[in-house]
Amino acid sequence: MSSHPITVITGATNGLGQRAAIALARRGAHLVLTARDHARADATRALLATTAPGARVDFVFGNLALMQDVRRMGAQIADTYGRVDVLINNAGIHAFQQRITAEGFPEMVAVNYLSPWLLTQTLGACLLAGSARVVNVASEASRRHGALRIPEDLTDTTPFTARESSLRYGTTKLLNIMFTGELCRRLAGTGVTTNALDPGFNVTGLGRELSFAAGLERVLRWLGIGDPERGAGIIVRLATDPAFGAVSGGYYSVKGARPLTPAAPGADPALQARLWEATAELLAR
């Protein structure tokens, strides 16, 4: 078994996840990265070989929009490593139109919320074995979530426009924060901690479904707006900083890691528990 901290990161073949992977590899982490695209995985492996020479990097392949793939990837990680020291649920999408997965779920809900919930559950024994830290990448976009409906939001496949997509995206990020709160209570006394974070505005991967995204990203970079290193930094801090070693159930800002209060009604323990039970029932079908 590896003597280095086994660190699982979703969505690490680009964007914030990739930058966090580089920083953690430099700190000696044994990276286990999920990927869907083999070419992107190869490019990430080559980048890590250059930026963090000697780092140990493994990939587990699958589609985070499909729960059958998430279960398989989780089982593969568990069988291969036996323990996980850090789990970073980073992968996410902002879809500008409704898409439905082959399993019948709204894609944005599947990737942004159901996938991290299920992967964390599948790796439960490994997290306990590693006294792990679970880090969930949420967003202050959660403050624009519309009317929260549990359990209906988990399966709502109603079409939406690009403008309406922001409310749907915000809902998925609020669900991440609520999941973090309930997971904290369920893991109390185990040595496993879990925290959520807002990575701030980042230009990496900005509006990938917008035709003008690439040009806008270049302009924002030139203006010095949306530096993704800041977003990656708060991920790494929650994953490694001794100050967060015994802290759990929080939601933190990219600005100095200050605590944030979730948007209402996201901090309601009863609603968090209701969301958990609804999710467990849905994914047990």
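Just so it is clear, the structure is predicted and the values come from calculations on it, not from any experiment.

Trainee: Just give me the short version of the overall build of the protein, but keep the residues and values in it.
Mentor: Looking only at helices and strands, the protein features 9 helices and 7 strands. Counting all 285 residues of the protein, 54% fall into the buried class.

Trainee: Give me the layout of surface pockets: which residues, what numbers.
Mentor: Roughly 280 Å³ of volume is contained in the second largest pocket. In this structure, the second largest pocket is lined by 17 residues; those nearest its centre are Asp153, Asp156, Leu167, Arg168 and Thr171. Every element with two or more residues in the lining of the second largest pocket is listed here: α4 (107–122) and α6 (165–186). Tallying contributions element by element places α6 first for the lining of the second largest pocket, with 4 residues.

Trainee: Got a sec to walk through the side chain of Gln272? Specific residues and values, please.
Mentor: Take Gln272: it is sitting in helix α9 (residues 269–283). Other than its neighbours up to four places away in sequence, Gln272 contacts Met178, Gly181, Glu182, Arg185, Gly266 and Ala267.

Trainee: Talk me through α4; I want residue IDs and the actual numbers.
Mentor: Along its length, α4 reaches its greatest deviation from straightness, about 40°, at Leu114, and the proline Pro116 lies no more than four positions downstream. The buried count for α4 comes to 14 of 16 residues, which makes it a mostly enclosed element.

Trainee: Describe unusual backbone geometry, listing the residues and the values that go with them.
Mentor: A cis amide bond links Ile150 to the next residue, Pro151, at an omega of 15°. For Pro151, the location among the structural elements is in the loop between β5 (133–137) and α6. Cis geometry is found at the peptide bond from Ala264 to Pro265, where omega equals 0°. Inspection of the secondary structure assignment puts Pro265 in the loop between β7 (251–253) and α9.

Trainee: Quick one: what's the story with the confidence of the model for the protein, residue by residue and with numbers?
Mentor: A residue-level look at the protein finds 89% of positions with pLDDT of 70 or above and a mean pLDDT of 91. Residue range residues 209–217 is modelled with pLDDT below 50. Its contacts to residues more than four positions away, or to other chains, number 12 contacts. Contacts for the low-pLDDT stretch residues 219–226, under 50 throughout, to residues beyond four places or in other chains number 13 contacts.

Trainee: Quick rundown of the pattern of salt bridges? Include the residues and the values.
Mentor: What the rule picks out here adds up to 11 salt bridges. The salt bridge partner of Arg186 is Glu277, with a shortest N-O separation of 2.8 Å. Of the two residues, Arg186 sits in helix α6 while Glu277 sits in helix α9, which places them 91 residues apart along the sequence. Salt bridges linked by common partners bring Arg149, Asp153, Asp156 and Arg168 together as one network.

Trainee: Before we move on, can you summarise the packing of aromatic side chains with the specific residues and values?
Mentor: Between two aromatic rings, the relevant description is the distance of the centres plus the angle of the planes. In this structure the tally under the stated criterion is 5 aromatic pairs. Here Phe59 and Phe61 contribute two aromatic rings whose centre-to-centre distance is 6.1 Å and whose plane-to-plane angle is 25°, an arrangement assigned as stacked. On the basis of relative accessible area, Phe61 is assigned to the partly exposed category, the value being 24%. For the ring pair Tyr113 and Phe179, a centre distance of 6.4 Å and an interplane angle of 80° mean the geometry is edge-to-face. Of this pair, Tyr113 sits in helix α4 while Phe179 sits in helix α6, and the two are 66 residues apart along the sequence. Residue classification places Tyr113 among the buried residues on the basis of a relative accessible area of 0%.

Trainee: Explain the sheet that holds β7 residue by residue, including any values.
Mentor: Taken in spatial order, the 7 strands of this open sheet run β3-β2-β1-β4-β5-β6-β7, and their pairing is parallel. Single-partner strands in this sheet number two, and they are β3 (57–61) and β7. Direction aside, neighbouring strands of the sheet carry axes that sit 20° apart on average. Bridging between strand β1 (residues 6–9) and strand β2 (residues 30–35) involves 4 bridges; their strand directions are parallel.

Trainee: Break down the packing of α4 against α9 for me, with residues and values.
Mentor: With their axes 11 Å apart at the nearest point, α4 and α9 run at an angle of 85° to one another. With respect to their mutual orientation, α4 and α9 come out roughly perpendicular. Within the contact between the two elements, α4 uses Tyr113, Leu114, Trp117, Leu118 and Gln121 and α9 uses Leu275, Trp276, Thr279, Ala280, Leu282 and Leu283. For the contact of α4 with α9, a count of residues per class yields 9 nonpolar, 2 polar and no charged.

Each value, and the rule that gives it
Residues numbered from 1 in each chain as written. Predicted model: local features only at pLDDT ≥ 70, side-chain atom pairs only at ≥ 80, totals over all residues. Heavy atoms only, no water. Helix = DSSP H or I, 4+ residues; strand = E, 2+ residues; numbered from the N terminus. Buried < 20%, exposed > 50% of the residue type's maximum accessible area, 1.4 Å probe, protein only. 1 Å grid on protein atoms, 1.4 Å probe; cavity = no way out; pocket = protein on both sides within 12 Å on 5 of 7 lines; lining within 4 Å. Points joined across faces, edges and corners; volume = space filled by probe spheres on them. Contact = heavy atoms within 4.5 Å. Bend = angle between axes of the 7 residues up to and from the residue. pLDDT = per-residue confidence, 0-100. Salt bridge = Lys/Arg side-chain N within 4 Å of Asp/Glu carboxyl O. Phe/Tyr/Trp six-rings, centres within 6.5 Å; stacked < 30°, edge-to-face > 60°. Pairing = 2+ DSSP bridges. Axes fitted to C-alpha atoms, helices over the stretch in contact; angles between N-to-C directions. Parallel < 35°, antiparallel > 145°, perpendicular 65-115°, else oblique. Nonpolar A, V, L, I, M, F, W, Y, C, P; charged D, E, K, R; others polar.

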